[in-house]
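Structural description and commentary
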Amino acid sequence: MTHVEDELKSQPECWTRAASEAAGYRDVLPAPGERVAIVGCGTSYFMAQAVAALREGAGQGETDAFAASEFPYGRPYDRVLALTRSGTTTEVLELLGQLKGRTRTTAITADPHTPVMTAADDIVVLDFADERSVVQTRFATTAVTLLRAHLGLHTDTAVADARTALAAELPQQLVACTQFTFLGRGWTVGLANEAGLKMREASLSWTEAYPAMEYRHGPISITTHGTATWMLGEAPEGLAQQVRATGGLWIEGGLDPLAELVHAQRLAVAVAAHRDLDPDRPRHLTRSVILAP
């Protein structure tokens, strides 16, 4: 079993623990009414997109998401929340350094022995969700679960659905597809972006991701026999029929969207195996991006 496969299977237990510990971090996570920016790189950026949409949608306050390298320093925020599994990513550390003494910062990380521990004002350590793999799975979804619980949006259904996603059979027709498109709405747009990234990282797949309504404005033209379109969350009315009319395979996720992401993670590993690739050794990638000075 690969590291990534082993780690993605542990997500229900990680989510349960994170949800139970969320109340203990109330004072260091964004408070209702704060104007917040959530930042990250790669997977963490896409999780930031999801959490930002969740928080603002819950009426907790204006919330933006940025790639750490693209943070707009001219905008005022009450708090900046950084997601960083490794605690060593160059862009995140540079951003936290620039904000020191100016804006309150909180970092959620997996490793308590890294520079982020002193770079941020407040720290949340999810070391039980740390990973050996390059391809990130459980840390990302566990961080989202912690923040969903902090917002009062986590339910036991999400954990149960994750178990279902891990047990469900992946259709061979889906594994054999040559192209994959993931769609989302609201907070699941970030999850769709992450599902696409997992497919590219682990299996070198031609993969795209879009807001569901935007998919009809051009991208649907690539959909045909041998392609798959996977909806995370509720689909716009009539979209499933339009995809099926192209001859493409339509996958409508009926589980909690975060559990659907677990299902997509499994697909990435299965497609990698189908193509004789090792998802623990993705091409050109390292576990953390550290830029030379």
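Below, the structure is looked at part by part. (Residues numbered from 1 in each chain as written. Predicted model: local features only at pLDDT ≥ 70, side-chain atom pairs only at ≥ 80, totals over all residues. Heavy atoms only, no water.)

A short note on the overall build of the protein chain
Per the secondary structure count, the protein chain includes 12 helices and nine strands. In summary, the protein chain has a C-alpha radius of gyration of 18 Å against a globular reference of 19 Å for 293 residues, a match within 12%. The principal-axis extents of the C-alpha atoms in the protein chain amount to approximately 55 × 40 × 40 Å. Taking all 293 residues of the protein chain together, the buried fraction comes to 57%. Within the protein chain, residue pairs in contact and separated by at least 24 positions form 71% of the contacts whose partners lie at least 6 positions apart. A total of about 12,300 Å² of accessible surface is found on the protein chain, and carbon and sulfur atoms cover 50% of it. Looking at charge distribution, the protein chain has the averaged site of its 25 positive side-chain charges lying 1 Å from that of its 35 negative ones. (Helix = DSSP H or I, 4+ residues; strand = E, 2+ residues; numbered from the N terminus. Rg over C-alpha atoms; globule rule 2.2 N^0.38 Å. Buried < 20%, exposed > 50% of the residue type's maximum accessible area, 1.4 Å probe, protein only. Contact = heavy atoms within 4.5 Å. Areas by Shrake-Rupley, 256 points an atom, 1.4 Å probe, with all protein chains shown as cover. Lys, Arg positive; Asp, Glu negative; His and termini not counted. Charge placed at Lys NZ, Arg CZ, Asp CG, Glu CD.)

Quick word on the side chain of R55
For R55, the location among the structural elements is in helix 3 (residues 43–57). Polar side-chain contacts of R55 include one of 2.9 Å to the side chain of T63. Excluding residues that lie within four positions of it along the chain, R55 makes contacts with P30, A31, P32, G33, E34, V36, Q60, G61, E62, T63 and L151. (Polar contact = N/O pair within 3.5 Å; in protein donor to acceptor, adjacent residues only side chain to side chain.)

Structural notes on the pairing of strand 8 (residues 227–231)
Two faces belong to every sheet, and in a regular strand the side chains alternate between them. By the criterion of burial, strand 8 is predominantly enclosed, with five of the five residues buried. Along strand 8, one buried face is formed by T227, T229 and M231 and the opposite face, lined by A228 and W230, is buried too. Bridge count between strand 6 (residues 179–184) and strand 8: five bridges; the pairing is parallel. Pairing of T181 across the sheet is with T229, part of strand 8. Where strand 8 meets strand 9 (residues 249–252), four bridges bridge the pair, whose relative direction is parallel. What sits directly across from T229, in strand 9, is W250. Tracing the backbone out of strand 8, into helix 11 (residues 239–246) and back to the parallel element strand 9 gives a crossover that is right-handed. (Pairing = 2+ DSSP bridges. Right-handed = clockwise from strand over helix to strand, strands pointing away.)

As for the pattern of salt bridges
By the definition in use, this model includes 13 salt bridges. Residue R85 is joined to E131 by a salt bridge in which the shortest nitrogen-to-oxygen separation is 2.5 Å. Of the two residues, R85 is situated in the loop between strand 3 (79–84) and helix 4 (90–99) and E131 in the loop between strand 5 (122–125) and helix 6 (138–150); the sequence distance between them amounts to 46 residues. Where E194 meets K198, a salt bridge forms, and the shortest distance between an N and an O atom there is 2.4 Å. Placement of the pair is E194 and K198 together in helix 9 (residues 188–203), with a separation of four residues, close to one helical turn. Like E194, the residue K198 is buried in the burial classification. (Salt bridge = Lys/Arg side-chain N within 4 Å of Asp/Glu carboxyl O.)

Details of the sheet that holds strand 1 (residues 36–40)
Reading across the sheet, the five strands line up as 2-1-3-4-5 and stay open at both edges, with parallel pairing between neighbours. Two strands in the sheet have a free side with no partner beyond their single neighbour: strand 2 (63–67) and strand 5. If you compare each strand with its neighbour and ignore which way they point, the axes differ by 20° on average. Across four bridges, strand 4 (residues 104–109) lies against strand 5 in parallel orientation. Residue pairing for strand 5: T106 is matched across the bridge by D122. Here helix 3 sits on the sheet and contacts strand 1, strand 2 and strand 3; the angle it forms with strand 2, its principal contact strand, is near 170°. Each of strand 3, strand 4 and strand 5 is contacted by helix 6, which is oriented at about 130° to strand 4, the strand it contacts most. (Axes fitted to C-alpha atoms, helices over the stretch in contact; angles between N-to-C directions.)

Thoughts on the sheet that holds strand 7 (residues 206–211)
A sheet is described by the order of its strands in space; here four strands give the open sequence 7-6-8-9, paired in parallel fashion. Strand pairing shows two members of the sheet lacking a second neighbour, strand 7 and strand 9, which therefore form its edges. With direction set aside, neighbouring strand axes in the sheet form an average angle of 20°. Here helix 9 sits on the sheet in contact with strand 6 and strand 7, set at roughly 160° to strand 6. In the packing of helix 12 (residues 257–274) onto the sheet, contacts are made with strand 6 and strand 8, and the angle to strand 8 comes to roughly 160°.

Describing unusual backbone geometry
One non-glycine residue with positive phi stands out, namely L204, at about 55°. Its place among the elements puts L204 in the loop between helix 9 and strand 7. Backbone geometry places D276, a non-glycine residue, at a positive phi of 60°. Its location among the elements puts D276 in the segment after helix 12.

Some remarks on the packing of helix 2 (residues 11–21) against helix 7 (residues 156–167)
It is the contact of helix 2 with helix 7, at a shortest axis distance of 9 Å, that shows an interaxial angle of 170°. Judged by the angle between their axes, helix 2 and helix 7 are roughly antiparallel. Counted together, P12, E13, W15 and T16 of helix 2 and A158, V159, A162, R163 and L166 of helix 7 form the full contact between these two elements. Of the residues belonging to the contact of helix 2 with helix 7, the class tally is six nonpolar, one polar and two charged. (Parallel < 35°, antiparallel > 145°, perpendicular 65-115°, else oblique. Nonpolar A, V, L, I, M, F, W, Y, C, P; charged D, E, K, R; others polar.)

These figures come from the coordinates and say nothing about function on their own.
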